[in-house]
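Residues per chain are reported as follows:
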Amino acid sequence: MSEVVTRILRNSVMVLSLIVPIIAGLGLNFAISIGALAAQTAILFVLNYGLEGYPALLAVVLLSTILAVAFGYVIGAILNRVKGREMITSIIIGYIGISIYQLIFMVGFGTIIPATNEKLLLKSGLGIQHVVNLESLSGIIDDCLKFEIWGIKCSVLNLVIITVVSLFIFYLLRSKLGINMKAVGESMDKSQSLGIDVNKMRIIAIIISTVLAAYGQIMYLQNVGMLSVYTAQSNREIFSSAAILAGGAGIKNANIRNVFLGLFLFHFLFIVSPLAGQTLFSSVAIGEYFRTFISYAVICLAIIFNVKENI
């Protein structure tokens, strides 16, 4: 349970970022990986200039917000040109974004981008190391006002952030903006006839999702304590989508309850399945394969059920 709670706390904001696009009719936003890249870019720039502690955290949040808003606007504008094919397009956008990000930090850092912190660079002086230790940010949220209940460790600041994001989404969906987004999600043609700017609502939904994804990645990385520069964003969108689907959300309907129920079920499965596989087959390796098989089977079945429901 302690491990499940830890996983829920560090992944909640990332999964919550999927709700608004679903409500606005954009389906599962697999481009939240771009929000994760915005957070990682901000962290690397802040580390490059040697900031530490809470000033570093504030700088990361500010810079990642600016980047996420800009990226979200571009993603939203692209998705407005491919209405009806948003999910597959968001997957492709994610892959393109990751490729550009990797090119920038493999080749551009130390050449076009001046490097002031040589600890980040490879020995060749070109590109950033594959793994960067987040000494100045490690546990900065998790260690703030820590407490323990029944052997389960929590942080007041962590809980406050998750609560604030949840309340923001709760009230957003009940505001005029949220009602307009719901209308767009139900029928773009009817919304257009009612005078709602459909494209604008969809862009706002993607911007909110991308910004929250950036915050979610910050919470995740400070918990892990290190940044795998080129792979930290890998599968974040897939596992987040799997979690919200496992909680009962669909590709057109989602709520906060789906997020937390799904997080509990999916990560409980992630912890128990390798132990079950090891017990059944008496092999650690097969236990790990068993977890992969079960986890992706859950994702596949959840998507099939949701697509069938909406046909």
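Look above for the structure.
Presented here is an overview of the structure given in this document.

Another point: empty space enclosed by the protein. Evaluation of the coordinates by the stated rule reveals one cavity of 30 Å³ or more. Of the pockets and cavities examined, the largest cavity occupies roughly 30 Å³. Ranked by residue count, the leading element in the lining of the largest cavity is helix H9 (residues 198-224), at three residues. Within the lining of the largest cavity, the residues separate by chemical class into six nonpolar, one polar and no charged.

With that settled, the discussion passes to the pattern of salt bridges. Under the counting rule described, the total for this entry stands at two salt bridges. The closest approach of N and O atoms between Glu86 and Arg202, which form a salt bridge, is 2.7 Å. Here the residue Glu86 occupies a position in helix H5 (residues 86-108), and Arg202 occupies one in helix H9, the gap between them amounting to 116 residues.

With that settled, the discussion passes to unusual backbone geometry. Phi at Asn235 takes a positive value of approximately 65°, unusual for a residue other than glycine. Owing to a relative accessible area of 30%, Asn235 belongs among the partly exposed residues under this scheme.

Below, the discussion takes up the nonpolar core. Core analysis: the biggest nonpolar cluster contains 91 residues, and Ile19, Ile43, Leu44, Ile128, Leu227, Val229 and Ile244 have the highest contact counts within it. If near-sequence neighbours (up to four positions away) are discounted, Ile244 is found in contact with Val15, Leu18, Ile19, Ile22, Leu28, Ala249, Ala254, Asn258 and Val259.

Here strand S2 (residues 146-149) pairs with strand S3 (residues 152-155) via four bridges, running antiparallel. Bridging across to S3, Phe147 finds its partner in Cys154. From the end of S2 to the start of S3, which pair antiparallel, there are two residues, and Trp150 there has a positive phi angle of about 50°.

Now for a nonpolar patch on the surface. Together, Ile88, Ile92, Tyr95, Ile96, Ile100 and Ile104 line one region of the surface with nonpolar side chains, adding up to about 580 Å² of accessible area. Inspection of the secondary structure assignment puts Ile92 in helix H5.

The rules behind each value
Per chain, the residues get numbers from 1 upward, laid out in the order the sequence is written. Under the rules for a predicted model, residues below a pLDDT of 70 receive no local features and side-chain atom pairs below 80 are neither given nor counted, while totals for whole chains, interfaces and linings still include all residues. The side-chain figures draw on all heavy atoms in the structure; neither hydrogens nor water molecules are used. Using a 1 Å grid laid over the protein atoms alone, points where a 1.4 Å probe fits but cannot get out form a cavity; open sets with protein on both sides within 12 Å along at least 5 of 7 lines form a pocket; any residue with an atom within 4 Å of a point counts as lining. Grid points are joined across faces, edges and corners, and a volume is the space filled by probe spheres set on the points. Helix and strand assignments follow DSSP, with helices taken as H or I runs no shorter than four residues and strands as E runs no shorter than two, numbered in order from the N terminus. All amino acids are sorted into three groups, where Ala, Val, Leu, Ile, Met, Phe, Trp, Tyr, Cys and Pro are nonpolar, Asp, Glu, Lys and Arg are charged, and the leftover types, Gly among them, are polar. Salt bridge, as used here, is a side-chain nitrogen of Lys or Arg placed within 4 Å of a carboxyl oxygen of Asp or Glu. With a 1.4 Å probe rolled over the protein chains alone, any residue whose accessible area is under 20% of its type maximum counts as buried; one over 50% counts as exposed, and the rest are partly exposed. Nine residue types can take part in a nonpolar core, namely buried Ala, Val, Leu, Ile, Met, Phe, Trp, Tyr and Cys, and a core is a set of them joined through side-chain atoms within 4.5 Å. Two residues qualify as a contact provided that any one of their heavy atoms is within 4.5 Å of a heavy atom in the partner residue. When DSSP finds at least two bridges between two strands, those strands are taken to pair. Residues forming no salt bridge and having over 30% relative accessible area are the ones grouped into patches, like charges within 9 Å of each other and nonpolar side chains (Val, Leu, Ile, Met, Phe, Trp, Tyr) within 5 Å. Under the convention used here, a 1.4 Å probe and the Shrake-Rupley method define accessible areas, while residue burial counts only the protein chains that appear.

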